[in-house]
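# What the coordinates show
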Amino acid sequence: MDAENLRYLLEVARTGRLRDAAARLQVDETTVSRRISRLEQELGVRMFDRTPQGWRITEPARLVLPHAEAVESSMARALEAVVSRAGDLSGTARLLAPDGFGANVLVPGLRPLLDAHPGLSVEVITATSHDLITARDFDVAVTLERPSPRAAAVQHLADYELRCYASGAYLERHGTPATVEELRRDHDLIWYVEALLDVAPLRILDELLPRAHARLQTNNITGQHSAARAGLGVALLPTYIGGADPELVGVLPEELRIRRTYWLVVPRDLTELLRVRVITDAIRSLVAEHPHLSRATV
């Protein structure tokens, strides 16, 4: 069996589409298709079901995936040993994070890491989605859900709070609610699109405001923050966003507050890579210095 074909298997499994896998591998689609067909001939089983919606991985391919990932990890360690001097990193690392943490904490805090390692490139993918984690296509991830420890090393990273915020202009027009019931009944709420929210720790609107309906819904926290700043309503935001924005005012700050946790996740076969250890240390340091994040265990 040609081990190089396993790399093509991994990319198609992760992307689900021939075109996307080809782009990631920097080859044409015909090459990817040919490689997968060759692997299927070598193993005598079908790796993917070709459908109009994409390439769906088969059960035999799922059995092969852990071994393909182990080969990929071994190759990464070998490459790192050759090209990286002690304390000097090179290559590309992919980081996943929820959109709020990624855009407001992680990305602004990357400068010390990048300055210390000029040969290192970093890809940051920000989205509040369950699917990105299950795809396992990352070096280090920060998650709101605690993944199963079977395939990944999982550590508590930080706790944070969500509270309600609105612009001063909005409160001047609509008044400042004095009670939770008044907020629910008389004010416009800003939240996620519930139908698209697949992360369980954020299904909390009804917990805080029973029977409430968000009049404006977006699929990311950046949109919610922008809407609150524009005076469109009251948004439930992490304190590291709402509390850090001088344009926003806390609404019922003691009555409406909820605590959530971020987890630091690394695929088990990558835990010994130098770049992964350096990046996780950098993220922990970033969190330890942040005024709105707590390292205390839940």
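The sections below set out a description of the structure shown in this document. (Residues numbered from 1 in each chain as written. Predicted model: local features only at pLDDT ≥ 70, side-chain atom pairs only at ≥ 80, totals over all residues. Heavy atoms only, no water.)

### Remarks on the overall build of the protein chain
Rules: For the purposes of this entry, the term helix denotes a DSSP run of H or I that reaches at least four residues, the term strand denotes a run of E that reaches at least two, and both are numbered from the N terminus. Partly exposed residues are those whose accessible area sits between 20% and 50% of the maximum for their type, while under 20% is buried and over 50% is exposed, using a 1.4 Å probe and protein chains only. We call two residues contacting when some pair of their heavy atoms lies within 4.5 Å. Residue exposure ignores everything except the shown protein chains as possible cover, and the areas themselves are Shrake-Rupley values with a 1.4 Å probe. Lys and Arg are tallied as positive, Asp and Glu as negative. Neither His nor the chain termini are counted. In this description, the location of a charge corresponds to atom NZ of lysine, CZ of arginine, CG of aspartate or CD of glutamate.
Looking only at helices and strands, one finds 13 helices and 11 strands in the protein chain. When its C-alpha atoms are laid out on the principal axes, the protein chain stretches across 70 × 45 × 30 Å. Residues classed as buried in the protein chain amount to 46% of the 298 residues present. Sequence separation of 24 or more characterises 75% of the internal contacts of the protein chain that already satisfy a separation of 6 or more. Total accessible area computed for the protein chain in this model is approximately 14900 Å², and 51% of it derives from carbon and sulfur atoms. Where the 35 positive side-chain charges of the protein chain centre and where its 40 negative ones centre are 3 Å apart.

### A short note on the pattern of salt bridges
Here is the rule: Whenever a carboxyl oxygen of Asp or Glu lies within 4 Å of a side-chain nitrogen of Lys or Arg, that contact is scored as a salt bridge.
For the coordinates displayed, the defined rule picks out 20 salt bridges. Glu-207 is paired through a salt bridge with Arg-260; the nearest N and O atoms lie 3.8 Å apart. Highlighted residues: Glu-207 in helix α10 (residues 205-208) and Arg-260 in strand β11 (residues 257-267), separated in sequence by 53 residues. Assessed through its relative accessible area of 54%, Glu-207 is described here as exposed.

### Quick word on unusual backbone geometry
Backbone geometry places Gln-26, a non-glycine residue, at a positive phi of 60°. Among the secondary structure elements, Gln-26 is positioned in the loop between α2 (18-25) and α3 (29-43). Phi is positive for Arg-211, close to 70°, though the residue is something other than glycine. Secondary-structure assignment places Arg-211 in the loop between α10 and β8 (214-218).

### Regarding the packing of helix α1 (residues 4-15) against α3
Note the cut-off: Lines are fitted to the C-alpha atoms to define the axes, a helix being fitted only along its stretch in contact, and any angle between axes, read from their N-to-C directions, falls within 0 to 180 degrees. Geometric relationships in this document are graded by angle, where less than 35 degrees denotes roughly parallel, more than 145 denotes roughly antiparallel, 65 to 115 denotes roughly perpendicular, and other angles denote oblique. We call a crossing left-handed when the near helix sits turned anticlockwise from the far one by less than a right angle, and right-handed when that turn is clockwise. Side-chain classes are defined by residue name, with Ala, Val, Leu, Ile, Met, Phe, Trp, Tyr, Cys and Pro counting as nonpolar, Asp, Glu, Lys and Arg as charged, and the others, Gly among them, as polar.
The geometry of α1 relative to α3 is characterised by a closest axis approach of 9 Å and an angle of 115° between their N-to-C directions. Compared by their axis directions, α1 and α3 come out roughly perpendicular. Judged by the twist between their axes, the crossing of α1 over α3 is left-handed. Where α1 abuts α3, its residues Glu-4, Asn-5, Leu-6, Tyr-8, Leu-9 and Val-12 lie against Thr-31, Val-32, Arg-35, Ile-36, Arg-38, Leu-39 and Glu-42. Along the lines of polarity and charge, the residues of the contact of α1 with α3 split into 7 nonpolar, 2 polar and 4 charged.

### Side note on the nonpolar core
As a reminder, the rule being used: Put simply, a nonpolar core is a bunch of buried Ala, Val, Leu, Ile, Met, Phe, Trp, Tyr and Cys residues held in one set by side-chain atoms that sit within 4.5 Å of each other.
Phe-101, Leu-157, Tyr-262 and Leu-293 are the most contacted members of the largest nonpolar core, which totals 62 residues. Looking at which element gives the most residues to this core, the answer is strand β6 (residues 152-167), with 7 residues. Ignoring any residue separated from it by four or fewer positions in sequence, one finds Phe-101 in contact with Leu-106, Val-142, Leu-157, Tyr-240, Tyr-262, Val-287 and Leu-293. One finds Tyr-8, Leu-9, Leu-10 and Met-47 within the second-largest nonpolar core, a separate group that totals 20 residues.

### A look at helix α5 (residues 99-106)
Counted residue by residue, α5 has 6 buried out of 8 residues, so it is predominantly covered. Within the sequence span of α5, burial applies to Asp-99, Gly-100, Phe-101, Gly-102, Val-105 and Leu-106.

### Here's the deal with the packing of aromatic side chains
Here the distance between the centres and the angle between the planes together describe a pair of aromatic rings. Note the cut-off: Centres within 6.5 Å are what make two rings of Phe, Tyr or Trp a pair, Trp counting through its six-membered ring; a difference in plane orientation under 30 degrees is then read as stacked, over 60 as edge-to-face, and the rest as tilted.
Taken as a whole and assessed by the stated rule, the structure comprises 5 aromatic pairs. Judged by centre distance (4.5 Å) and plane angle (10°), the ring pair of Tyr-160 and Tyr-262 falls under stacked. Here Tyr-262 lies in strand β11 and Tyr-160 lies in strand β6, a separation of 102 residues in the sequence. Neither residue differs from the other here; Tyr-160 and Tyr-262 are each classed as buried.

### Looking at α1
Applied cut-off: To estimate how far a helix should extend, the number of its residues minus one is multiplied by 1.5 Å.
Compared with the 16 Å implied by 1.5 Å per residue over 12 residues, the 18 Å span of α1 between its first and last C-alpha is a close match. Positioned one or two residues after α1, Gly-16 has a phi angle of 75°, which is positive.

### What to know about the side chain of Asn-5
Along the polypeptide, Asn-5 turns up in helix α1. Sequence-distant contacts of Asn-5, defined by excluding residues within four places in its chain, comprise Arg-35, Arg-38, Leu-39 and Glu-42.

### Some remarks on the pairing of strand β1 (residues 48-51)
Here is the rule: Two strands pair if DSSP finds at least two bridges between them.
By the bridge criterion, 4 bridges tie β1 to strand β2 (residues 54-57) in an arrangement that is antiparallel. Bridge pairing links Asp-49 to Arg-56 in β2. Between the antiparallel neighbours β1 and β2 lie 2 residues.

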